[in-house]
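Tertiary structure, described
As a plain string of letters, each chain reads:
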Amino acid sequence: MHPYTQALLSAIPVPDPEVELRRKRIILEGDVPSPVNPPSGCNFHPRCWKAQAICREVIPVLEEKQSNHYAACHFPG
Ligand code: SF4
């Protein structure tokens, strides 16, 4: 449900040439933030295509978003 997980899963090759041609990858842009000086709010917000103002200000907490599916994200799914 987390956008970073979605990006990782989109990078997995599919061993079917027809499916592989139609597969849509999520390419993250920007640099990996410094762990010494992490960004405010959600640490992933500088590279997240779903980021909105709240992501820069409020650290998302890990919550159950669907039955047995947890994510620390303001806009999961
Ligand atoms: S909280 Fe915002 S920036 Fe962080 S992963 Fe979710 S949508 Fe992206």
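Residues numbered from 1 in each chain as written. Predicted model: local features only at pLDDT ≥ 70, side-chain atom pairs only at ≥ 80, totals over all residues. Heavy atoms only, no water.

Rules: UniProt positions are given in the numbering used here, feature names are shortened, and annotations may be inferred rather than shown by experiment.
By the naming in an unreviewed UniProt entry, the protein chain goes by Oligopeptide/dipeptide ABC transporter C-terminal domain-containing protein and is assigned to Dictyobacter kobayashii. Under Sequence similarities (unreviewed entry), UniProt gives the following word-for-word description of the protein chain: "Belongs to the ABC transporter superfamily."

**Overview of the pattern of salt bridges**
Threshold: We define a salt bridge as a contact between a side-chain nitrogen of Lys or Arg and a carboxyl oxygen of Asp or Glu at a distance within 4 Å. Each residue gets one of three labels from its accessible area relative to the maximum for its type: buried under 20%, exposed over 50%, partly exposed in between, using a 1.4 Å probe on protein chains only.
Under the criterion given, the structure shown has two salt bridges. Between E20 and R23 there is a salt bridge, and its shortest N-O distance comes to 2.7 Å. Linking K65 and E63 is a salt bridge whose minimum nitrogen-to-oxygen distance equals 2.7 Å. For K65, a relative accessible area of 28% corresponds to the partly exposed category.

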